[in-house]
Amino acid sequence: FGTAGLGAAALMTASGRATAGDKVRLGMIGCGGQGEYNWGQLGNLTEEAEFRVLCDVDLARTANAAQRFPSAEIVQDFRRVIERKDLDAVVIAT
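Residues numbered from 1 in each chain as written. Predicted model: local features only at pLDDT ≥ 70, side-chain atom pairs only at ≥ 80, totals over all residues. Heavy atoms only, no water.

Considerations on the overall build of the protein
Here's step 1: Each helix and strand counted, the protein has 3 helices and 4 strands in total.
Here's step 2: Each helix (α) and strand (β) of the protein, taken in turn from the N terminus, gives the series β-α-β-α-β-α-β.
Here's step 3: Per-residue burial for the protein yields a buried fraction of 33% across its 94 residues.
Here's step 4: Long-range contacts, defined here as pairs at least 24 residues apart, represent 62% of the contacts in the protein between residues at least 6 apart. (Helix = DSSP H or I, 4+ residues; strand = E, 2+ residues; numbered from the N terminus. Buried < 20%, exposed > 50% of the residue type's maximum accessible area, 1.4 Å probe, protein only. Contact = heavy atoms within 4.5 Å.)

Focus: the nonpolar core
Here's step 1: With 15 residues, the main nonpolar core has Leu26, Met28, Trp39, Leu42, Phe51, Leu54 and Phe69 as its most contacted residues.
Here's step 2: Broken down by secondary-structure element, the contributors of at least two residues to this core are strand E1 (24-29), helix H1 (34-42) and strand E2 (49-55).
Here's step 3: By size, the runner-up hydrophobic cluster in this structure holds 6 residues, among which are Val53, Val75, Val81 and Leu87. (Core = buried A, V, L, I, M, F, W, Y, C linked by side-chain atoms within 4.5 Å.)

Quick look at the packing of aromatic side chains
Here's step 1: For the coordinates displayed, the defined rule picks out 2 aromatic pairs.
Here's step 2: With centroids separated by 5.7 Å and ring planes inclined at 85 degrees, the aromatic side chains of Trp39 and Phe69 adopt a geometry described as edge-to-face. Taken together, the positions of Trp39 in helix H1 and Phe69 in the loop between helix H2 (63-68) and strand E3 (73-75) put the pair 30 residues apart, joining distant regions of the chain.
Here's step 3: Taken together, a centroid distance of 4.7 Å and an interplanar angle of 50 degrees make the contact between Phe51 and Phe69 tilted. Of this pair, Phe51 sits in strand E2 while Phe69 sits in the loop between H2 and E3; the two residues are 18 residues apart in sequence, bridging distant segments of the chain.
Here's step 4: A relative accessible area of 4% means that Phe51 is categorised as buried.
Here's step 5: A connected cluster of aromatic rings, assembled from ring pairs, spans Trp39, Phe51 and Phe69. (Phe/Tyr/Trp six-rings, centres within 6.5 Å; stacked < 30°, edge-to-face > 60°.)

Below, the structure is given as structure tokens:
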């Protein structure tokens, strides 16, 4: 999983235009193991990305991610992540 392209990702707003200050709004499904590695790498891109929602059926696995991203919503049902309209991308790490 590479993060180099994420910073250069063009976001489309409702008007169809990307703006320089836009962040990639992320959701994460699976926060333990591979998920922890992924959010650890993506979390370094605080100027380019932000986690909006973190999901794992085992809430204990979300604990570290929740500390690092305190504004992210924590959910146990992956469908709540998929259904969200405010996300640009969802990382699936299960």
